[in-house]
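Spelled out from the first residue to the last, the chains are:
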Amino acid sequence: MQIIRSVSEMKAFSEKLFREGTPTVFVPTMGYLHEGHASLFRRAKQVHPVLIASIFINPIQFNSREDFEKYPRSEERDLEILKREGVNIAFLPPASEVYPQQPGIRISYPALTEGKLCGATRPGHFEGVLHIVHNLFLWTKPAAAVFGEKDYQQFLLIARMAQELDLGVTVYSAPTIRESDGLAMSSRNARLSASGRREAIRIFHALSLGKNGMDSGSSLDEVRQAMLEPLQPLKVEYADIFHPDTLTPLQERAEEYLLAVAAWVDGIRLIDNFLIRKPH
Ligand code: AMP
């Protein structure tokens, strides 16, 4: 595995591969890697054999300095995992090169963020995500990239950005990997206390009850109510059923939908969702 720690070196390397006609696949991460990330690497390897993975904790997508500072980090362990998973190029750019100046330009997608899911309560978050992913795509020049369904709104925004700005990157999604009790894996789970870890499972229970309600023909109001019950003790940001393409709350029962929850446990904001699509 080659480790690249500068933007200029990454650009030179990806341009060389591009000129040689070697397509690459890219998986961006913020590190503190877990099985969820590993599953994206495995999916990516099926798309193209040359895999670039990045580790960069993007300061401009955090809503508080504290959240950024407390984000878990472990570079040595991460590099071991990247090696073990067959990543070919590990890209770890320094913040000083990623943001030589405070970015003035904003890449925003108001129709899919304003008042919608995480966009409603995290001002500037998705602009920060789109900015870094756009630049990482420029620097790594991949033919394809893989993102987790766990962050479904993020995946949708990036897929739309790649398409509308014609970035030449095919964006794939990969399913959410869970702990044995159903909790979605997340680097942030490492910050949960033992009691917080027990409380966090309420999010999966809410989604499961929502899905059961949809399967058994309950009304949308009943489904929404059923989702809220297990979440009772938590501070809930949203727990709802959405249209998977527009992210508007579902108005009538449909075959395709997104059940999604954001809630706080131990002062940590956790998100999860079930995406229900018809087999095509
Ligand atoms: P992060 O390091 O949290 O920014 O995540 C990097 C990528 O891994 C994103 O595309 C996430 O959606 C994805 N990811 C995070 N957690 C999971 C999970 N439990 N299962 C699958 N993918 C995940």
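Calculation notes
Residues numbered from 1 in each chain as written. Predicted model: local features only at pLDDT ≥ 70, side-chain atom pairs only at ≥ 80, totals over all residues. Heavy atoms only, no water. Helix = DSSP H or I, 4+ residues; strand = E, 2+ residues; numbered from the N terminus. Rg over C-alpha atoms; globule rule 2.2 N^0.38 Å. Buried < 20%, exposed > 50% of the residue type's maximum accessible area, 1.4 Å probe, protein only. Contact = heavy atoms within 4.5 Å. Pairing = 2+ DSSP bridges. Axes fitted to C-alpha atoms, helices over the stretch in contact; angles between N-to-C directions. Parallel < 35°, antiparallel > 145°, perpendicular 65-115°, else oblique. Left-handed = near helix turned anticlockwise from the far one by under 90°. Nonpolar A, V, L, I, M, F, W, Y, C, P; charged D, E, K, R; others polar. Domains from an automatic or database assignment. Buried area = accessible area lost by both parts, 1.4 Å probe. Expected span 1.5 Å × (residues − 1). Polar contact = N/O pair within 3.5 Å; in protein donor to acceptor, adjacent residues only side chain to side chain. Salt bridge = Lys/Arg side-chain N within 4 Å of Asp/Glu carboxyl O. 1 Å grid on protein atoms, 1.4 Å probe; cavity = no way out; pocket = protein on both sides within 12 Å on 5 of 7 lines; lining within 4 Å. Points joined across faces, edges and corners; volume = space filled by probe spheres on them.

### With respect to the overall build of the protein
Within the protein one finds eleven helices and nine strands. In summary, the protein has a C-alpha radius of gyration of 19 Å against a globular reference of 19 Å for 280 residues, a match within 12%. Judged by the C-alpha coordinates and their principal axes, the protein covers about 55 × 40 × 35 Å. Across the 280 residues in the protein, those meeting the buried criterion constitute 54%. Restricting the contact set of the protein to residue pairs at least 6 apart, pairs at least 24 apart contribute 73%.

### Things to note about the pairing of strand β8 (residues 257-265)
Where burial is concerned, most of β8 is hidden: eight out of the nine residues are buried. Bridge count for strand β7 (residues 235-242) against β8 is seven bridges, and the pairing is antiparallel. Bridging across to β8, Tyr-238 finds its partner in Ala-262. Judged from the nine bridges that link them, β8 and strand β9 (residues 268-276) form a sheet pairing that is antiparallel. Directly across from Tyr-257, in β9, lies its bridge partner Ile-276. Where β8 hands over to β9, the hairpin turn is made up of two residues, of which Asp-266 adopts a positive phi near 55 degrees.

### Overview of unusual backbone geometry
For Tyr-32, which is not a glycine, the phi torsion comes out positive at approximately 50 degrees. Tracing the backbone shows Tyr-32 in the loop between β2 (24-29) and α2 (35-47). For Leu-117, which is not glycine, the phi dihedral falls at a positive 40 degrees. Tracing the chain through its elements places Leu-117 in helix α7 (residues 117-121).

### Quick notes on the packing of helix α8 (residues 125-140) against helix α9 (residues 152-164)
Here α8 crosses α9 at 50 degrees, and the two axes come no closer than 10 Å. On the basis of their axis angle, the class for α8 and α9 is oblique. Crossing of α8 against α9: the hand is right-handed. Residue-level contacts link Phe-126, Val-129, Leu-130, Val-133, His-134 and Phe-137 of α8 to Gln-153, Gln-154, Leu-157, Ile-158, Met-161 and Ala-162 of α9. Taken together, the residues of the contact of α8 with α9 sort by class into nine nonpolar, three polar and no charged.

### Points about the domain arrangement of the protein
Segmentation of the protein into domains returns domain 1 (2-174) and domain 2 (187-272). Measuring from the centre of the C-alpha atoms in domain 1 to the corresponding centre in domain 2 gives 26 Å. Facing the 22 residues of domain 1 at the interface are 16 residues of domain 2. Surface buried jointly by domain 1 and domain 2 totals about 1,700 Å² across both partners, of which 58% is contributed by carbon and sulfur atoms.

### Some points on the environment of Gly-217
By the secondary structure assignment, Gly-217 is in the loop between α10 (194-215) and α11 (220-231). Of the residues examined, Gly-217 reaches a relative accessible area of 47% and is grouped as partly exposed. When the C-alpha positions of Gly-217 and Arg-253 are compared, they lie 8.6 Å apart, and in sequence the two are 36 residues distant.

### What about α8?
For α8, spanning 16 residues, the distance from its first C-alpha to its last is 22 Å, which sits close to the expected 22 Å at 1.5 Å a residue. Of all 16 residues in α8, 14 are buried, a share of seventy percent or more. Two residues or fewer past α8, Lys-141 is found with a positive phi of approximately 50 degrees.

### As for the side chain of Asp-240
As for its placement among the helices and strands, Asp-240 is situated in strand β7. Asp-240 sits in the buried class, given a relative accessible area of 17%. Among the polar contacts listed, one links the side chain of Asp-240 to the side chain of Arg-224, at a separation of 2.5 Å. Apart from residues no more than four positions distant in its own chain, Asp-240 is found in contact with Arg-224, Met-227, Pro-249, Leu-258, Leu-259 and Ala-260.

### A look at the pattern of salt bridges
It is possible for side chains of opposite charge to pair when their charged atoms get near one another. In total, this model carries 19 salt bridges according to the counting rule given. Across the salt bridge formed by Arg-77 and Asp-78, the nearest N and O atoms sit 3.9 Å from each other. Its salt-bridge partner being Arg-202, residue Glu-199 comes within 3.1 Å of it at the nearest N-O pair. Taken together, the residues Glu-199 and Arg-202, both in helix α10 and three residues apart, mark about one turn of the helix.

### Regarding empty space enclosed by the protein
Counted under the stated rule, the structure contains one cavity of 30 Å³ or more. By volume, the largest cavity amounts to about 50 Å³. Among the elements that make up the lining of the largest cavity, the one with the highest residue count is β9 (three residues). Its residues assigned to classes, the lining of the largest cavity comprises five nonpolar, two polar and two charged.

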